[in-house]
Every structure is written in C-alpha cells, then in structure tokens.
Amino acid sequence: MTIAVVGSGPSGLAAAFRLQQAGHQVRLFERDTAPGGKMRTTKVGGYLVEEGASVMSRAYHAILGVVADAGLTNQLVEANAVFGFPRDGAIHYFDPARLLRDGARTKLLSPAAKLRLPLVAARCLQHRRALSRGALVDLAHLDDESAKTYGVRLLGQETYDYLIDPALRGLEIG
C-alpha cells in the first residue's frame, strides 16, 4: 500500500520521511516546483530570499531531529535574527539574543511602556510547561480574545501600535 502525503512543507516532508523509515511506500504531492513550503529559501542575484514568512528557532528540537535523521542538516540556511521596527522616521533594532539590552536601550517605546514588558515574561513563566512541550492545546482555554485586545490590555496601546502589530504583520502570509 502506498501512502499519499500532500504538501512538501516541513510537516509534509517530516511525515513522508518518518513513514518511509517505518517501511511504508510514500508518494509526496506538491503543487510548487520545489519542496519547502513556507520555509523555502532561494538565492536570487546573490541574495537569499525567504519565500514564506516562517522561520524556525533552534528550540524546535523535534523538527530539527527529523532534519538530522534525514542527513539534511547541511541544507539549513541560517537566518538573520535581528528585527527592525519603524517609528518616527527611524528603525529600532532588536536582536532576540540581546533582547533585554536592546529593550532597555530602544527609543521605540516610552519608559512607561517598557515597564509593562516584564508582564509578557511573567505570563510565559506561568505557562512554561505547556510552552516548553509545545503543547499549545493545553493553553486553548486562554485563547478567548484577539491579539490586539490581549496586547492592548496587557501592554497598552503604544506597545501594540509600535511593537506587537508590526511583528504580527511581519508574520502574515499573503
């Protein structure tokens, strides 16, 4: 029996690989000309171009384990982790590896807005077990308001306008 896997994004490729490892015949269907889905990176004119809005952190051990098991670690493309946010004609940069430093120094947010940011860390710590396991279904009971409503309620309108909204728009897939 042949098992069909539709889509050659990260999940489809992982499913096809694990099914094949388990001894099944697999047929992979993809509408695009190359695999990768929303995580495909191509080179155009000497520049790397992300074809989708997704990036994957090193914390995704399960997915990276499949990549390693398939012998494809050398195919991963290191992405730049610095994010820029516009305000008042300037770009304010944040490096996730230096988030506290950049957050303290930035002029993107007022001092009052910055004082509310630890609330996000407190919420993450409160739910760290589910977050570390990737068990987002365990947090479904918290999913009762929009990102805007939650962001404004927790961090205020300024932080929503200049940090949360631009970050979420950067993740949109058109």
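The structure this text deals with has already been given above.
Computed from a predicted model, the values in this text were never measured in an experiment. Residue indices begin from 1 for each chain and proceed along its sequence in written order. pLDDT decides what is reported in this predicted model: residues at 70 or higher carry local features, side-chain atom pairs at 80 or more are listed and counted, and totals for whole chains, interfaces and linings draw on all residues regardless. Calculated side-chain values reflect all of the structure's heavy atoms, with hydrogen atoms and water omitted.

We count a salt bridge whenever a side-chain nitrogen from Lys or Arg sits within 4 Å of a carboxyl oxygen from Asp or Glu. Summed over all chains, the structure comprises seven salt bridges. One salt bridge in this structure joins Asp69 and Arg18, with 3.0 Å as the shortest N-O distance. Taken together, the residues Asp69 in helix H2 (residues 61-69) and Arg18 in helix H1 (residues 10-21) connect sequence positions 51 residues apart. Three exposure classes are used, based on accessible area relative to the maximum for each residue type with a 1.4 Å probe and protein chains only: buried under 20%, partly exposed in between, and exposed over 50%. Taking the relative accessible area as the measure of exposure, Asp69 reaches 48% and is therefore partly exposed. Since its relative accessible area comes to 34%, Arg18 is described here as partly exposed. Its salt-bridge partner being Arg98, residue Asp95 comes within 3.0 Å of it at the nearest N-O pair. On the accessibility criterion, Asp95 (16% relative accessible area) is buried. Comment: elements are numbered from the N terminus, with helices defined as DSSP H or I runs of at least four residues and strands as E runs of at least two.

The next point concerns the packing of aromatic side chains. Only Phe, Tyr and Trp rings are paired, with Trp represented by its six-membered ring, and only when their centres lie within 6.5 Å; those with planes under 30 degrees apart are stacked, over 60 edge-to-face, the remainder tilted. Counted under the stated rule, the structure contains one aromatic pair. Between Phe85 and Phe94 the ring centres are 5.6 Å apart and the planes differ by 80°, which places this aromatic pair in the edge-to-face class. The class of Phe85 is buried, set by a relative accessible area of 8%. Here Phe94 falls in the buried class, since its relative accessible area comes to 9%. For a lysine, the NZ atom is tested; for an arginine, the CZ atom; a charge sits over a ring if that atom is within 6 Å of the ring centre and within 35 degrees of the ring normal. Above the ring of Tyr162, the side-chain terminus of Arg87 is found at 3.8 Å from the ring centroid.

What follows deals with the pairing of strand S3 (residues 41-44). In short, DSSP must find at least two bridges between two strands for them to pair. Of the pairings in the sheet, the one linking S3 to strand S4 (residues 47-50) comprises four bridges and is antiparallel in character. Pairing of Thr42 across the sheet is with Val49, part of S4. Adjacent in sequence and paired antiparallel, S3 and S4 are bridged by two residues, among which Gly45 carries a positive phi angle near 60°.

Further remarks concern H1. The span you would expect from a helix comes to 1.5 Å times its residue count less one. When the terminal C-alpha atoms of H1 are compared, their 16 Å separation across 12 residues agrees well with the 16 Å that a helix rising 1.5 Å per residue should span. If you check which residues of H1 are buried, you get Gly12, Ala16 and Phe17. Viewed end-on, H1 has its buried residues packed into an arc of 130°, placing them on one side of the element. Note on definitions: a residue-residue contact is assigned when non-hydrogen atoms from the two residues lie within 4.5 Å. In this structure, the buried residues of H1 make contact with strand S1 (2-6), strand S2 (25-29) and H2. Once H1 ends, the next one or two residues include Gly23, with phi positive near 95°. Here the arc refers to the set of directions running from the helix axis out to each C-beta atom.

Here we come to the side chain of His127. The topology assignment puts His127 in the loop between helix H5 (118-126) and helix H6 (128-133). We classify His127 as buried; its relative accessible area is 19%. Setting aside anything within four residues of it in sequence, one finds His127 in contact with Leu139 and Leu142.

All right, on to unusual backbone geometry then. Of note in this structure, Asp88 is not a glycine but carries a positive phi near 55°. For Asp88, a relative accessible area of 71% corresponds to the exposed category.

What follows deals with the packing of H1 against H2. At a minimum axis separation of 10 Å, H1 and H2 run at an interaxial angle of 55°. Relative to H2, the element H1 lies oblique. For the element pair H1 and H2, the recorded crossing hand is left-handed. Within the contact between the two elements, H1 uses Ala14, Phe17, Arg18 and Gln21 and H2 uses Gly65, Val66 and Asp69. Amino acid classes used here: Ala, Val, Leu, Ile, Met, Phe, Trp, Tyr, Cys and Pro are nonpolar; Asp, Glu, Lys and Arg are charged; the rest, including Gly, are polar. Considering only residue class, the contact of H1 with H2 consists of three nonpolar, two polar and two charged. To obtain an axis, a line is fitted to C-alpha atoms, over the contacting stretch when the element is a helix, and the angle between two such axes runs from 0 to 180 degrees between their N-to-C directions. In what follows, roughly perpendicular refers to angles from 65 to 115 degrees, roughly parallel to angles under 35, roughly antiparallel to angles over 145, and oblique to any angle outside these ranges. The hand of a helix crossing depends on one turn: near helix anticlockwise from the far one by less than a right angle means left-handed, and clockwise means right-handed.

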